[in-house]
Amino acid sequence: MQRFFIILILVVLVLGGCGYMTGKKNYNQMVVLQEQVESQWGQVQNVYQRRADLIPNIVETAKGYAEFEQETLAGVAEARAKVGQITITKEVLEDPALMKKWGEAQNELGQTLSRLLSVSEQYPDLKANENFQALITELEGSENRISVERKRYNDISRDYNTHIKQFPTNIFANFFGFDEVAYFEAAAGSEQAPKVSFD
């Protein structure tokens, strides 16, 4: 009987040690993945900020052409202001509704910029302006970077979310408060190609 208790104690100690090592490994992996998500989120914010910083220069250059449509310029300025009103914190990553609201504001800004570029086609002097062309080239580069960084963010978020949902990691994730993060989603209606008209 005494031998049985010794074996039972050894089994409990071995299982406890394995559980501890598994828990420690899972916890550390969750921390690493969470840091990668937050780091990539910072990069996403960085490229959006680059775009936002270009906008005043584009608007000022277009304003130099007195006949340029003021309504379009006002729309760009208003959309940029809306983006600036949304405070981005770590909580946004864990709240799909806040992520959606932030994404909608960014999409609205993108749409007003597209309108600005479309209208600028009607002004050959503005189109020929070297400063304007340089700013548009930078803006196009920013839009490409945004697309790349959003994809990277979604990829890293998928890895993190998958990891914290797997057994037995999900037990440790719930215990230590590792929550699922939200993904970037396509804007409503983006599955349809935009209509281009040169009336």
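Numbering of residues begins from 1 in every chain and follows the order in which that chain's sequence is written. Where totals are concerned, whole chains, interfaces and linings use all residues; where local detail is concerned, this predicted model gives features only for residues with pLDDT of at least 70, and gives and counts side-chain atom pairs only at 80 or more. The side-chain values count all of the structure's non-hydrogen atoms but skip hydrogen atoms and water molecules.

Turning next to the nonpolar core. Here is a general trend for soluble globular proteins: nonpolar side chains tend to be buried in one another's company. As used in this record, nonpolar core signifies buried Ala, Val, Leu, Ile, Met, Phe, Trp, Tyr and Cys residues forming a set joined through side-chain atoms within 4.5 Å. Relative accessibility decides the category of a residue: with a 1.4 Å probe and only protein chains considered, values under 20% of the type maximum give buried, values over 50% give exposed, and everything between is partly exposed. In terms of nonpolar packing, the biggest core is built from 42 residues, with Trp41, Ile58, Met99, Tyr153 and Phe184 touching the most fellow members. Mapped by element, the contributors of at least two residues to this core are helix 1 (2–63), helix 2 (70–85), helix 3 (90–93), helix 4 (96–120) and helix 6 (130–165). Here this core gets 12 residues from one element, more than from any other, and that element is helix 1. In what follows, residue pairs with any heavy atoms lying within 4.5 Å of each other are defined as contacts. Excluding residues within four positions of it along the chain, Phe184 makes contact with Trp41, Val44, Tyr48, Met99, Trp102, Arg150, Tyr153 and Asn154. For the purposes of this entry, the term helix denotes a DSSP run of H or I that reaches at least four residues, the term strand denotes a run of E that reaches at least two, and both are numbered from the N terminus.

Quick look at the packing of aromatic side chains now. When two rings of Phe, Tyr or Trp (its six-membered ring) have centres within 6.5 Å they constitute a pair, described as stacked for plane angles under 30 degrees, edge-to-face for angles over 60, and tilted for the intermediate range. Scanning the entire structure with this criterion turns up nine aromatic pairs. Ring geometry for Tyr27 against Phe178: centres 5.6 Å apart, planes inclined by 75°, an arrangement best described as edge-to-face. Within this pair, whereas Tyr27 is found in helix 1, its partner Phe178 is found in the segment after helix 7 (169–176), the two being separated by 151 residues in sequence.

We now examine helix 2. The periodicity of an α-helix, 3.6 residues per turn, causes residues three or four places apart in sequence to face the same way. How far a helix is expected to stretch is found by multiplying one less than its residue total by 1.5 Å. Given a rise of 1.5 Å per residue, 16 residues ought to cover 22 Å, and the 23 Å separating the end C-alpha atoms of helix 2 matches this to within 8%. Those residues of helix 2 not exposed but buried are Thr72, Leu73, Val76, Ala79 and Val83. Summarising the axial view, the buried residues of helix 2 lie within an arc of 130°, below the 170-degree limit, and thus occupy one face. For helix 2, exposure combined with an orientation more than 90 degrees from the buried face picks out Glu71, Gly84 and Gln85. Directions drawn from the helix axis to the C-beta atoms are what define this arc.

Next up on the list: unusual backbone geometry. The peptide bond linking Phe167 to Pro168 adopts the cis configuration, its omega dihedral lying at 5°. Along the chain, Pro168 falls in the loop between helix 6 and helix 7.

This paragraph deals with the side chain of Gln40. For Gln40, the location among the structural elements is in helix 1. Residue Gln40 is classed as buried on the basis of its relative accessible area of 11%. A polar side-chain atom of Gln40 sits 2.5 Å from a polar atom in the side chain of Glu149. Not counting residues within four places of it along the chain, the set of residues in contact with Gln40 comprises Glu149, Arg152, Tyr153 and Ile156. A 3.5 Å cut-off defines polar contacts: any pair of N or O atoms within that distance qualifies, except that in protein one atom must be a possible hydrogen donor and the other a possible acceptor, and neighbouring residues in sequence count only when both atoms are side-chain atoms.

Scored between 0 and 100, pLDDT is the confidence that the predictor attaches to each residue. Across the protein, the average pLDDT comes to 79, with 81% of residues at or above 70. Between the elements of the protein, mean pLDDT differs from a low of 73, seen in helix 3, to a high of 90, seen in helix 6. Segment residues 190–199 is flagged for pLDDT under 50; beyond a separation of four residues in sequence, or across chains, it makes zero contacts in the model.

Glancing now at helix 4. Its 25 residues place the ends of helix 4 36 Å apart at the C-alpha level, agreeing with the 36 Å of an ideal helix rising 1.5 Å per residue. Met99, Trp102, Gly103, Ala105, Gln106, Leu109, Gly110, Thr112, Leu113, Leu116, Val119 and Ser120 are the residues of helix 4 that are buried. The N-cap of helix 4, judged by a side-chain oxygen 3.0 Å from the amide nitrogen of Ala97 a few residues on, is Asp95.

Before going further, it helps to spend a moment on a nonpolar patch on the surface. A cluster of nonpolar side chains, namely Tyr27, Phe175 and Phe176, defines an oily patch on the protein surface of about 340 Å² accessible area. Looking at Tyr27, the relative accessible area reads 32%, which means it is partly exposed. Patch membership needs two things, relative accessible area over 30% and no salt bridge, and members are linked within 9 Å if like-charged or within 5 Å if nonpolar (Val, Leu, Ile, Met, Phe, Trp, Tyr). Only the protein chains shown count as cover for residues, and the accessible areas themselves come from Shrake-Rupley with a 1.4 Å probe. We define a salt bridge as a contact between a side-chain nitrogen of Lys or Arg and a carboxyl oxygen of Asp or Glu at a distance within 4 Å.

Let us now look at the pattern of salt bridges. Evaluation of the coordinates by the stated rule reveals nine salt bridges. For Glu78, the salt bridge goes to Lys82, with nearest N and O atoms at 3.9 Å. Here Lys82 and Glu78 lie together in helix 2, a separation of four residues that amounts to about one turn. Glu78 sits in the partly exposed class, given a relative accessible area of 48%. One salt bridge in this structure joins Lys165 and Glu180, with 3.2 Å as the shortest N-O distance. On the criterion of sequence distance, the pair formed by Lys165 in helix 6 and Glu180 in the segment after helix 7 is long-range, its members being 15 residues apart. The network of salt bridges with common partners includes Lys151, Asp155, Arg158 and Asp159.

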